[in-house]
Amino acid sequence: MNGLGSGASRTVGMALVAVLTLGAAGGATALTQLTGNIDTAPMEVLGSDRPEVVLPEDPNAGTPLNIVVMGSDSRDGDNDALAGGGEMGARSDTTMVMHISGDRSRVEMISIPRDSTVDIPSCTTDDGATTPELYGTKFNAAFSQGVQYGSDVADGALCTVKTIEKLTGVFMNGFIVVDFAGFSSMIDAVDGVEVCVEEAIYSEKANHLALEPGAHTLHGVKALDYARARTGAGLGDGSDLGRIGRQQEVMASLARKVLSQDVLTNPAKTLKFLHAVTDSLTMNNELASIDGLAGLAYSMRNVRPDTITFMTVPNEYDPYNAANVVWTDEAVQLWDNVKHDRPVGFDPNAPSADATASAPTDGEGDDKDGEGTEIETGAGTENGTEGGAEGTSEPEPDSTEIKQAGEEAFTSADTTKVCG
């Protein structure tokens, strides 16, 4: 289960917060300054044989976006000192699909287990090289293939995008890759993130990470170690799936921190965070454009922690390889929901599902589902904040539901652990 690298790329996904913060920071001047930091790569090499773009049925809805967010464990530059050893090169042990709804009221971060057993299509790199097809291999081999046959991490990202499109039938609008040093800088820029540790942790392989039970504020390097830790005391069975849950909790904590008044009303802190983010990213050309980032960020200016949902592709252990997992039938419905811009928990077989699917998506009705459809995105219902002006009461002390990060959908406003 040690995969192709140390796993420090669990730090991926913080790019989500960068997009949200751009909307809060605003200003073409800042965007002009910051987008110059981003490495770019074209998407044309993916060819024309790609899934069609499916728009929402609601004629008033905008276009949904699907962005592949990855982590790179490249040992280049400042990353080498943070990697803690391992092979040279670049890999991605973490991949997520960030779905932004057409009406910009929902953001869903869907983790794809790196050890998923999949077939990987042949990819064409930016230099024109062709990778071989792979069958029954780990999902994260797609990124490695692109890097090995191409010239940089962008080729790995492009091969990952093509693989996801083939597996899901969902069109991907772009990609974002973030590295070790960038994540560490992001955390330091907001003065650390809060995590809850339920039992003592010690991980020799994660730079001897040691944490006592209780609430902790983790800064750059230690937050990186916590996000990459997989084996050791207090870390469960040492599986990749357990680490996905901890990673999602760190991301949710960072989202809360960045979207808090402490950051958004502090121009110096906001700009510092944006510098840290953009200096560590590789993106496709279309997504990295000043106009594209500004327009997307502005339209997402009302996104809140309770409208950001984290989940993992439904999976079970591979009966032919205990070190891998395979996607279950529920994954088919998940990707169909993403393709048609429905909430991740939408059930087409539930009563009144057709009526719910055809109703306008205003950012509240989808999550609450007053028509009777089972929606399990969390959406702040556990803490009494269902969005907008409705449901502003404080939660009852004994009514808080504990969500299992990595195993079920939860939002940044939900509780995943309780510290004493």
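Just so you know, these numbers come straight off a predicted model, no measurement behind them.

**Observations concerning helix 6 (residues 180-189)**
1) Next: Within helix 6, eight of the 10 residues are buried, which leaves the element mostly enclosed by the surrounding structure.
2) Next: Among all positions of helix 6, only Phe180, Ala181, Gly182, Phe183, Ser184, Met186, Ile187 and Ala189 are buried.
3) Next: Positive backbone phi, approximately 65°, marks Asp191, located one or two places after helix 6.

**Considerations on unusual backbone geometry**
1) Next: Despite not being glycine, Arg104 has its phi angle at roughly 65°, a positive value.
2) Next: Secondary-structure assignment places Arg104 in the loop between strand 3 (95-100) and strand 4 (107-112).
3) Next: Under the relative-accessibility criterion, Arg104 is labelled buried at 17%.
4) Next: Positive phi is not limited to glycine here, since Asp341 has a value of about 60°.
5) Next: Along the chain, the position of Asp341 falls in the loop between helix 13 (329-339) and helix 14 (353-358).
6) Next: According to the relative accessible area criterion, Asp341 is buried, its value standing at 4%.

**Things to note about helix 13**
1) Next: Within helix 13 the residues assigned to the buried category are Ala331, Leu334, Trp335, Asn337 and Val338. Viewed along the axis of helix 13, the buried residues span an arc of 155°, placing them on a single side of the element. With respect to the buried face of helix 13, the exposed residues turned more than 90 degrees away are Asp329 and Val332.
2) Next: The first or second residue beyond helix 13 is Asp341, which carries a positive phi of 60°.

**Regarding the environment of Ser151**
1) Next: With respect to the secondary-structure elements, Ser151 resides in the loop between helix 4 (141-149) and helix 5 (153-168).
2) Next: In this structure, the C-alpha to C-alpha distance between Ser151 and Asp127, residues 24 residues apart in sequence, is 7.5 Å.

**Observations regarding the nonpolar core**
1) Next: Core analysis: the biggest nonpolar cluster contains 49 residues, and Met109, Tyr226, Phe273 and Phe310 have the highest contact counts within it.
2) Next: Listed in part, the 35 residues of the second largest apolar core include Ala41, Ile110, Phe175 and Val177.

**A few points about the layout of surface pockets**
1) Next: Reported here for the largest pocket is a volume of approximately 960 Å³.
2) Next: Around the largest pocket sit 41 residues that line it, and Gln404, Ala405, Gly406, Glu407 and Glu408 are the ones nearest its centre.
3) Next: At the level of secondary structure, the elements contributing two or more residues to the lining of the largest pocket comprise helix 8 (240-258), strand 13 (308-312), strand 14 (315-318) and helix 13.
4) Next: Looking at the lining of the largest pocket residue by residue, the class counts come to 14 nonpolar, 14 polar and 13 charged.

**Description of the state of the cysteines**
1) Next: As enumerated under the stated definition, the model contains two disulfides in all.
2) Next: Each sulfur of the disulfide joining Cys123 and Cys159 lies 2.2 Å from the other. Taking the torsion about the S-S bond as the criterion, the Cys123 to Cys159 disulfide, at about 70°, is right-handed. One end of the pair, Cys123, is in the loop between strand 5 (117-120) and strand 6 (134-138); the other, Cys159, is in helix 5, with 36 residues separating them in the sequence.
3) Next: The exposure class of Cys123 is buried, given its relative accessible area of 4%.
4) Next: Accessibility expressed as a relative area gives 1% for Cys159, which makes it buried.
5) Next: The disulfide partner of Cys196 is Cys419, and the gap between their sulfur atoms is 2.0 Å. Judged by the torsion about the S-S bond (110°), the Cys196/Cys419 disulfide is right-handed. Taken together, the positions of Cys196 in strand 8 (residues 193-197) and Cys419 in the segment after strand 16 (410-411) put the pair 223 residues apart, joining distant regions of the chain.
6) Next: Across the chain, the way the bonded cysteines pair up, counted in sequence order, is 1-2, 3-4.

**A short note on the packing of helix 6 against helix 7 (residues 220-228)**
1) Next: Between helix 6 and helix 7, the least distance of the axes is 8 Å, while the angle of their chain directions is 120°. Relative to helix 7, the element helix 6 lies oblique. Helix 6 and helix 7 meet at a crossing whose hand is right-handed. Contacts from Phe180, Phe183, Ser184, Ile187 and Asp188 of helix 6 reach helix 7 at Gly220, Val221, Ala223 and Leu224.
2) Next: Tallied by class, the residues present in the contact of helix 6 with helix 7 amount to six nonpolar, two polar and one charged.

**Thoughts on the pattern of salt bridges**
1) Next: Enumeration over the complete set of coordinates arrives at 13 salt bridges.
2) Next: One salt bridge connects Asp49 with Lys166, and the closest N-O pair in it is separated by 3.3 Å. Taken together, the residues Asp49 in the loop between strand 1 (39-41) and strand 2 (65-72) and Lys166 in helix 5 connect sequence positions 117 residues apart.
3) Next: Given a relative accessible area of 58%, Asp49 falls into the exposed group.
4) Next: Here Lys166 falls in the partly exposed class, since its relative accessible area comes to 45%.
5) Next: In this structure, Arg50 engages Glu165 in a salt bridge whose closest nitrogen and oxygen atoms are separated by 2.8 Å. Taken together, the residues Arg50 in the loop between strand 1 and strand 2 and Glu165 in helix 5 connect sequence positions 115 residues apart.
6) Next: Taken together, the shared-partner salt bridges connect Arg114, Asp115, Lys138, Asp240 and Arg243 into one network.

**Description of the packing of aromatic side chains**
For any pair of aromatic rings, the description rests on two quantities: the centre-to-centre distance and the angle between the ring planes.
1) Next: According to the stated counting rule, one finds two aromatic pairs in the structure shown.
2) Next: Pairing Phe310 with Phe410 gives two aromatic rings, centres 5.4 Å apart and planes at 25°, and the pair type is stacked. Of this pair, Phe310 sits in strand 13 while Phe410 is found in strand 16, placing the two residues 100 residues apart along the sequence.
3) Next: Phe410 gets classed as buried once you look at its relative accessible area, which sits at 1%.

**Considering the pairing of strand 5**
1) Next: What you see with strand 5 is a clean split: Val118 and Ile120 sit on the buried side and Thr117 and Asp119 on the side with no burial.
2) Next: Of the pairings in the sheet, the one linking strand 5 to strand 6 comprises three bridges and is antiparallel in character. Bridge pairing links Ile120 to Leu134 in strand 6.

Conventions we followed
Residues numbered from 1 in each chain as written. Predicted model: local features only at pLDDT ≥ 70, side-chain atom pairs only at ≥ 80, totals over all residues. Heavy atoms only, no water. Buried < 20%, exposed > 50% of the residue type's maximum accessible area, 1.4 Å probe, protein only. Helix = DSSP H or I, 4+ residues; strand = E, 2+ residues; numbered from the N terminus. Arc of directions from axis to C-beta. Core = buried A, V, L, I, M, F, W, Y, C linked by side-chain atoms within 4.5 Å. 1 Å grid on protein atoms, 1.4 Å probe; cavity = no way out; pocket = protein on both sides within 12 Å on 5 of 7 lines; lining within 4 Å. Points joined across faces, edges and corners; volume = space filled by probe spheres on them. Nonpolar A, V, L, I, M, F, W, Y, C, P; charged D, E, K, R; others polar. Disulfide = S-S within 2.5 Å. Axes fitted to C-alpha atoms, helices over the stretch in contact; angles between N-to-C directions. Parallel < 35°, antiparallel > 145°, perpendicular 65-115°, else oblique. Left-handed = near helix turned anticlockwise from the far one by under 90°. Contact = heavy atoms within 4.5 Å. Salt bridge = Lys/Arg side-chain N within 4 Å of Asp/Glu carboxyl O. Phe/Tyr/Trp six-rings, centres within 6.5 Å; stacked < 30°, edge-to-face > 60°. Pairing = 2+ DSSP bridges.

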